[in-house]
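Fold and geometry: a report
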Amino acid sequence: MRLQTRLLLATIAVIITTLAFAGVATYVTFRSAVFADIDQSLREVPLPLGEPKAGEERVPMPAVTPFVQVRAANGAVLTTVPARFPDGQEAAPELPVTIPTSGVSDSADGPATFFTATGDDTTFRVKASTDRAGEQLISALPIDAELTTLRQLGVIEFAVAAVALVVASLLGWLLVRVGLAPLTRLTGQIRGLGPAGGTARVEVPAPQTEVGELGVAINAMLDDTAAAIAQRASVEARLRRFVADASHELRTPIAAVSAYAELFELGAAQRPDDLARAMAGITRE
């Protein structure tokens, strides 16, 4: 795999990781803030139970009347008021038979249990708390609008992340190409240097960069290669001169040995004096 491709894939991986982390962190933070606001609203819900006493004003109700249920200490349901929407439609969450709570709560900010429940095609955020008498007060608010907002936020984040990934990938590809352009030019120069040992060298416009350091190293290697080739040519030239000189020096004694051999073949082997003279001449040469 080419270096340019590896760098681009690494850049895209970093971008995806960053976008995913930012998107998840934003979604989780926003969701936590939304549910915290809903939970606080549940703590402040005015309970539509009974009629106001003489001289007491009823607290204004929200657009959606909350669901309220009161259970006795033994779990028996004492009162249930369904949630009512502005159009008059009523809904109630499907609650478990037992809802554990942590501690006793005599105030809106006391210990309470919060969870999500569904019912009548509506999702509710439920709050359950227990007073000192042992009765359990359960209130719930529909959160379909908030969940729709969270889903829209997720879709928007995904779309923005996809567009940002495409744009960042294109910019990353462009930056990688620009950044590796000197290396590409250096590669072209190396391919055009010709046979080893020549005088051609690569251009090093910026020796302080990594590509420049590579060009300097390549030129140094080419210088060493040229010097080695020149030295080998010199050695070969000296060897050829030595062989020529040796050939010249050996030509005369070899001719003499050949003459003595011919003398031997002409009958010196049958004449002791000639044989001795021929052998002495061969040994001398």
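Look above for the structure.
This section reports on the structure supplied with the text. Just so it is clear, the structure is predicted and the values come from calculations on it, not from any experiment.

Attention now moves to the overall build of the protein chain. Along the protein chain, the regular secondary structure elements total 4 helices and 7 strands. In the protein chain, the order of α-helices and β-strands from amino to carboxyl end is α-β-β-β-β-β-β-β-α-α-α. In summary, the protein chain has a C-alpha radius of gyration of 50 Å against a globular reference of 19 Å for 285 residues, an excess of more than 25%. Considering only C-alpha atoms, the protein chain reaches an extent of 165 × 45 × 30 Å along its principal axes. Counting across all 285 residues of the protein chain, residues that qualify as buried make up 25%. Sequence-distant contacts in the protein chain: of pairs separated by 6 or more residues, those separated by 24 or more amount to 52%. For the protein chain, the exposed area adds up to about 18900 Å²; of that, 62% sits on carbon and sulfur atoms. The distance from the centre of the 24 positive side-chain charges to the centre of the 31 negative ones in the protein chain is 12 Å.

Right, let's talk about the layout of surface pockets for a bit. Considering only enclosed or pocket space, the second largest pocket measures out at about 230 Å³ in volume. Forming the boundary of the second largest pocket are Ile-16, Leu-19, Ala-20, Ala-22, Gly-23, Val-24, Glu-157, Phe-158, Val-160, Ala-161, Ala-162 and Leu-165. Among the secondary structure elements, those contributing two or more residues to the lining of the second largest pocket are α1 (3-43) and α2 (144-191). When the residues that make up the lining of the second largest pocket are grouped by side-chain class, the tally is 10 nonpolar, 1 polar and 1 charged.

Next up on the list: the pattern of salt bridges. Under the criterion given, the structure shown has 2 salt bridges. A salt bridge links Arg-125 to Asp-39, with the nearest nitrogen and oxygen atoms 2.8 Å apart. Of this pair, Arg-125 sits in strand β6 (residues 122-130) while Asp-39 sits in helix α1; the two residues are 86 residues apart in sequence, bridging distant segments of the chain. Each member of the pair Arg-125 and Asp-39 is classed as buried.

Conventions we followed
- Residues numbered from 1 in each chain as written.
- Predicted model: local features only at pLDDT ≥ 70, side-chain atom pairs only at ≥ 80, totals over all residues.
- Heavy atoms only, no water.
- Helix = DSSP H or I, 4+ residues; strand = E, 2+ residues; numbered from the N terminus.
- Rg over C-alpha atoms; globule rule 2.2 N^0.38 Å.
- Buried < 20%, exposed > 50% of the residue type's maximum accessible area, 1.4 Å probe, protein only.
- Contact = heavy atoms within 4.5 Å.
- Areas by Shrake-Rupley, 256 points an atom, 1.4 Å probe, with all protein chains shown as cover.
- Lys, Arg positive; Asp, Glu negative; His and termini not counted.
- Charge placed at Lys NZ, Arg CZ, Asp CG, Glu CD.
- 1 Å grid on protein atoms, 1.4 Å probe; cavity = no way out; pocket = protein on both sides within 12 Å on 5 of 7 lines; lining within 4 Å.
- Points joined across faces, edges and corners; volume = space filled by probe spheres on them.
- Nonpolar A, V, L, I, M, F, W, Y, C, P; charged D, E, K, R; others polar.
- Salt bridge = Lys/Arg side-chain N within 4 Å of Asp/Glu carboxyl O.

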